[in-house]
Amino acid sequence: MIRQRTKTSECKTSEVVISPNLVNILRRILTLAMLFALVAVPCFIFYIHKYPLWFSRLSYQITLSDSSPLQNEQVKLERVLKAASTKDKTVILTTLNEAWATPNSILDLFLESFKIGENTKNLLSHLVISCIDHKAYERCLKVHPHCYALNTEGVDFSKEAYFGSPNYLKMVWRKIYYQKSVLELGYNFIFTDADIMWFRDPFTRFYESTDFQISCDNYLLSNSYDLHNNPNSGFEYVRSNNRTIRFYEFWYNSRLRYPNRYTQYVLHEIKHDPFIREIGLTIRFLNTLYFGGFCEPSKDFNQVCTMHANCCKGEESKLHDLGLLLDDWRNYKALSLSDKSSWNATWRAPEDCSIKKKLDRHHIPKKLEDEGKKD
């Protein structure tokens, strides 16, 4: 027997008796624990190498539970970007709300254009759809692998946000802040509005050694450097570097200098600012021959890359005219090579989005008039 002396509360010594059986049990438990460790640790290491994806998901969930909401969002965003990016860390981004995400809506036309375009179907694997409400996110998960919930607390973006409305302004400025976050994570991006149809791979038409490239409502003087071009922030190609990150901070903060103004208006004002030259940002404007829209359609089916439903208000009008674009493109693709080379047809759209109807108040959708009354 093992005897151990202890002191009682009356400062008298007493003896605690530990039986040999208890000692043997403790020894066995210690031996079993050591044997378990010898077996479990190599197995754990093996399974980490064998199933890295499962363990990365586990560690991701642990990280989310232990970190702040802001860190959680950054982790989620970086995970989606990493899954979708090209080897040179480039992603294609678009934003979406419920109004544009329902079945047979603008989202379906957008995805369809990638599928029937020339060398564009493979680009879908690099597309991140950023959803600004829950319903849009649910629909995205059903039709696309890379979806990100771009939530804004206290704001309902589910309904169609008409140009110039308060919700429209909140939405477009949220988009700029989001793009800044992507640049800060080290990713280059093409941003495309969902009402842009992709007919050809645009990478071959981008300028080299340029920080910020943007489409135009009107391309002036055939000069991509001319700051008098009228930019449209619905389509941009931006490289991640210190210059573009500082530029996006400047652009986003400039909303305070121009209250109640949308992103394109503010960009038009600040593109001449001395700060742009100070940081050394290079800006070029994309030719509407390749990146056209309803404001100024591309004039050549053999060279067009994208067509944008700009200069158009209302989802119904956009849906109708974007459908015409897809039909015209299918007709073009059905031609023989020789017929394509001599093809000089023009787009049937804009039709519902035409300038004449745009200026006709009776053509403005009733929903838009109601929205205007609320504002």
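Please refer to the structure placed before this passage.
One numbering rule holds for all chains: residues counted from 1, following each sequence as written. In keeping with the predicted nature of the model, local features appear solely for residues at pLDDT of at least 70, side-chain atom pairs appear and are counted solely at 80 or more, and the whole-chain, interface and lining totals rest on all residues. As a rule here, side-chain values cover all heavy atoms of the structure and leave hydrogens and water aside.

**Student:** Give me helix α5 (residues 106-116): which residues, what numbers.
**Tutor:** Given 3.6 residues per helical turn, the α-helix brings residues three or four places apart onto the same face. Burial classes: relative accessible area under 20% of the type maximum marks a residue as buried, over 50% as exposed, and values in between as partly exposed (1.4 Å probe, protein chains only). Secondary structure elements are defined from DSSP: runs of H or I of at least 4 residues count as helices, runs of E of at least 2 residues count as strands, and each element is numbered from the N terminus. Burial analysis of α5 places eight of its eleven residues in the buried class, the great majority of the element. Buried residues of α5: I106, L107, L109, F110, L111, S113, F114 and I116, and no others.

**Student:** Give a description of empty space enclosed by the protein that names residues and reports values.
**Tutor:** Two kinds of site are reported from a 1 Å grid over the protein atoms alone, namely cavities, where a 1.4 Å probe fits but cannot get out, and pockets, open sets with protein on both sides within 12 Å along at least five of seven lines, and residues are called lining when an atom falls within 4 Å of a point. Grid points are joined across faces, edges and corners, and a volume is the space filled by probe spheres set on the points. Scanning all chains against the criterion turns up one cavity of 30 Å³ or more. Taken as a whole, the largest cavity holds about 60 Å³ of empty space. Around the largest cavity, the lining residues are I196, S215, C216, N232, F235, F291, G292, G293, T306, H308 and N310. Looking at the lining of the largest cavity, the elements with two or more residues in it are β8 (212-218), β9 (230-238), β11 (291-293) and β12 (306-308). With three residues, the single largest contributor to the lining of the largest cavity is β11.

**Student:** Give a detailed account of the nonpolar core, specifying residues and quantitative values.
**Tutor:** Generally speaking, soluble globular proteins have nonpolar side chains that are buried together. With 93 residues, the main nonpolar core has F212, F247 and W251 as its most contacted residues. Among the elements that take part in this core, helix α7 (residues 166-184) stands out by supplying nine residues, more than any other. Excluding residues that lie within four positions of it along the chain, F212 makes contacts with E236, Y237, V238, F247, Y248, W251, L267, L281, T282, I283 and R284. Residues belong to one nonpolar core when they are buried, are Ala, Val, Leu, Ile, Met, Phe, Trp, Tyr or Cys, and are joined through side-chain atoms within 4.5 Å. Any two residues whose heavy atoms approach within 4.5 Å are treated as being in contact.

**Student:** Please give an account of the packing of α5 against helix α11 (residues 315-333) that cites residues and values.
**Tutor:** Between two packed helices, the angle of one axis relative to the other and the distance separating the axes together describe the packing. Following both chains from N to C, one finds α5 and α11 inclined at 15°, their axes separated by 10 Å at the closest point. In terms of their interaxial angle, α5 and α11 are classed as roughly parallel. The two elements α5 and α11 cross, and the hand of that crossing is left-handed. Residue-level contacts link I106, L109, E112, S113 and I116 of α5 to E315, K318, L319, L322, G323, L326, W329, R330 and K333 of α11. Class assignment of the residues belonging to the contact of α5 with α11 gives a composition of seven nonpolar, two polar and five charged. Fitting a line to C-alpha atoms yields each axis, with helices limited to the stretch in contact; the angle taken between N-to-C directions then spans 0 to 180 degrees. What sets the label is the angle itself: under 35 degrees gives roughly parallel, over 145 gives roughly antiparallel, 65 to 115 gives roughly perpendicular, and the rest give oblique. Throughout, a crossing is termed right-handed when the near helix is turned clockwise from the far one, and left-handed when it is turned anticlockwise from it by less than a right angle. Ten residue types, Ala, Val, Leu, Ile, Met, Phe, Trp, Tyr, Cys and Pro, are classed as nonpolar, four, Asp, Glu, Lys and Arg, as charged, and the remainder, Gly among them, as polar.

**Student:** Describe α11, listing the residues and the values that go with them.
**Tutor:** Under the 1.5 Å per step criterion, the end-to-end length of α11 is 27 Å for 19 residues, consistent within 8% with the ideal 27 Å. Every buried residue of α11 is accounted for by E315, S317, K318, D321, L322, G323, L324, L325, L326, D328, W329 and Y332. For α11, the elements touching its buried residues are α4 (98-101), α5, β7 (196-198), β12 and α12 (337-341). Expected helix span is computed as 1.5 Å times (number of residues minus one).

**Student:** Hey, could you go over the sheet that holds strand β3 (residues 90-96) for me, with residue numbers and the actual values?
**Tutor:** Read from one edge to the other, the open sheet built from seven strands follows the order β5-β4-β3-β6-β9-β8-β10, with strand pairing classed as mixed. Edge positions in the open sheet fall to β5 (147-149) and β10 (283-285), since each of these has one partner strand only. Shown here is a sheet whose adjacent strand axes are inclined to one another by a mean of 30°, direction ignored. The sheet contact formed by β8 and β10 spans three bridges and is parallel. Each residue of the ladder has a partner; that of I214, found in β10, is F285. Lying over the sheet, helix α6 (residues 134-143) contacts β3, β4 (127-131) and β5, oriented at roughly 165° with respect to β5. Sheet strands in contact with helix α9 (residues 263-270) are β8 and β9, and its direction is about 90° off that of β9. In this scheme, strands are said to pair when DSSP sees at least two bridges between them.

**Student:** Hey, could you go over the pairing of β9 for me, with residue numbers and the actual values?
**Tutor:** For β9, the tally of buried residues reaches eight of nine residues, placing the bulk of the element in the interior. Here four bridges tie strand β6 (residues 188-192) to β9, and the two strands are oriented antiparallel to one another. Each residue of the ladder has a partner; that of F191, found in β9, is E236. In this structure, β8 lies alongside β9, joined through six bridges in antiparallel fashion. Bridge pairing in β9 places Q213 opposite Y237.

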